[in-house]
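Chains, contacts and geometry: an overview
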Amino acid sequence: MGGCYTGRNADGNMDARRRLFDEVREPVYPMSKVPLARKYLEGSVLLKPPSRESWWCCLTEMLLLCNEAANRQASKNMTGKKKDNADGVQSKPLGLEYIADRLDTDDPIFGYMVRSEKEGWLQGFLTMTTFTTWHDDFIWNSLVREAGISDDDKRVHKWDFDGSLAKALQECERKGDANNEGIVWNRVAEVSLLGACGCGGQLLRLMIEELEAGDDYDFVVLQATDNAIGFYENLGFVRVGAIARPALELMAQQAAEAQARAERRAKENEAKRAARREEKEREDVRPDLQAQQGEGLKWRDVCRRVV
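None of these values were measured; they are calculated from a predicted model. Residues take numbers from 1 onward in each chain, read along the sequence in its written order. The model is predicted, so local features are restricted to residues of pLDDT at least 70 and side-chain atom pairs to those at 80 or more, both for listing and for counting; the totals for chains, interfaces and linings are taken over all residues. Processing note: side-chain calculations cover all non-hydrogen atoms of the structure and skip hydrogens and water entirely.

A look at the packing of aromatic side chains
Planes of paired rings set the category: under 30 degrees apart is stacked, over 60 is edge-to-face and the rest tilted, where pairs are Phe, Tyr or Trp rings (Trp by its six-membered ring) whose centres lie within 6.5 Å. Across all of its chains, the model carries 10 aromatic pairs by this definition. For the ring pair Phe138 and Trp185, a centre distance of 5.9 Å and an interplane angle of 75° mean the geometry is edge-to-face. Here Phe138 is found in strand 6 (residues 138-140), whereas its partner Trp185 is found in strand 8 (residues 182-196), with 47 residues between them in sequence. The exposure classification of Phe138 matches that of Trp185, with both residues buried. Measuring from centroid to centroid gives 6.2 Å for Trp140 and Trp185, while their planes differ by 85°, and the two rings are edge-to-face. One end of the pair, Trp140, is in strand 6; the other, Trp185, is in strand 8, and 45 residues separate them in sequence. The same class applies to Trp140 as to Trp185, namely buried. Every member of this aromatic cluster is reached through a ring pair, and the members are Phe131, Phe138, Trp140 and Trp185. Counting from the N terminus, the helices are DSSP H or I runs at least four residues long and the strands are E runs at least two residues long. Using a 1.4 Å probe on the protein chains alone, a residue whose accessible area is under 20% of its type maximum counts as buried, one over 50% counts as exposed, and one in between counts as partly exposed.

Remarks on the state of the cysteines
In this description, a disulfide is simply a cysteine sulfur pair whose atoms lie within 2.5 Å. Tallied over the entire structure, the rule returns 0 disulfides. Of all cysteine sulfurs in the structure, the one in Cys197 sits closest to Cys199, which takes part in no disulfide; the separation is 7.6 Å.

A look at the side chain of Thr127
Its place among the elements puts Thr127 in strand 5 (residues 122-133). Residue classification places Thr127 among the buried residues on the basis of a relative accessible area of 0%. Any pair of N or O atoms that falls within 3.5 Å is considered a polar contact. Within protein, one atom must be able to donate a hydrogen and the other to accept it, and sequence-neighbouring residues count only if both atoms are side-chain atoms. A polar atom in the side chain of Thr127 sits 2.7 Å from the side chain of Ser192. The criterion used for residue contact is that any of the two residues' heavy atoms lie within 4.5 Å. Once residues within four sequence positions are removed from consideration, Thr127 is found in contact with Trp55, Met62, Leu103, Ile109, Phe110, Gly111, Glu190, Val191, Ser192 and Leu193.

Structural notes on helix 6 (residues 200-213)
In an α-helix, one turn spans 3.6 residues; hence positions three or four apart end up facing the same way. Here helix 6 is 14 residues long and its end C-alpha atoms lie 20 Å apart, about the 20 Å a rise of 1.5 Å per residue gives. Looking at helix 6, one finds that the buried residues are Gly200, Gly201, Gln202, Leu203, Leu204, Met207, Ile208 and Leu211. Those residues of helix 6 that are buried lie in contact with strand 3 (44-47), strand 4 (110-116), strand 5, strand 8, strand 9 (219-221) and helix 7 (229-234). To estimate how far a helix should reach, multiply one less than its number of residues by 1.5 Å.

Description of the confidence of the model for the protein
As a per-residue measure, pLDDT tells how confident the predictor is, with possible values from 0 to 100. Per-residue confidence for the protein averages 84 on the pLDDT scale, and 78% of its residues sit at or above 70. A low-confidence stretch, residues 82-90 stays under pLDDT 50, and its non-local contacts, those more than four residues away or across chains, total 29 contacts.

Right, dumping it as structure tokens:
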């Protein structure tokens, strides 16, 4: 199995590439038999893995749990049943490579696991890290079109309508190198992985309570799929815009180059159209001359016959 490694290539430029990991084993229990977590995690055990290795050894369980949660939700949707214990799992489950990359590269990595008390089977997990970007020009901004908040989103969902939340995020402390370890937003926590059968909301509430009780973070951010937006909104999350905007001078230069290319193409196309029109006119003239000559021959033949 492969994972993502980020480092400098032979030219000294940053590069992301795959590398092999040690083989991981599948769980010995069937995920279809994992019981749904109950309210207040009754009958379950809440665990806090102490290290990256503790998370890594559970990789296949985490992957298969996401698949199982997605299958159960799809079955509920088909039968029209109301989802009583919303767990926020996306209908398209997390992929193996994505989970492996987050477990391998998130720094720090912390969170919770939930296992059934009797069998020890995985019922849910949540991993957190400190928000990091690899763009010098990353900006929090909810009020520009580039942020991707559509008019439908604004009508239907909760969003940062006055830009105050984006402004507060933009003012957060950050440091680092976008071409090396990344730009780390020290006061912003990120939900990196969440998968559960019935306990996703409980896990996230517990984590938010823990972060609020501490003094390490001021904000919690995440990326939500369309079908999970309502789940996160019920937990108090609000849509905030973010863009990675290039330098204005570079944007202007690229726009000027694009305009010049468009003008050149327009001139070339106009010249081609003019050439085709001229050729068409020559083709139209030739049949007329032939028709006139043909009519002249016919009249001469008629005249001869009359004489």
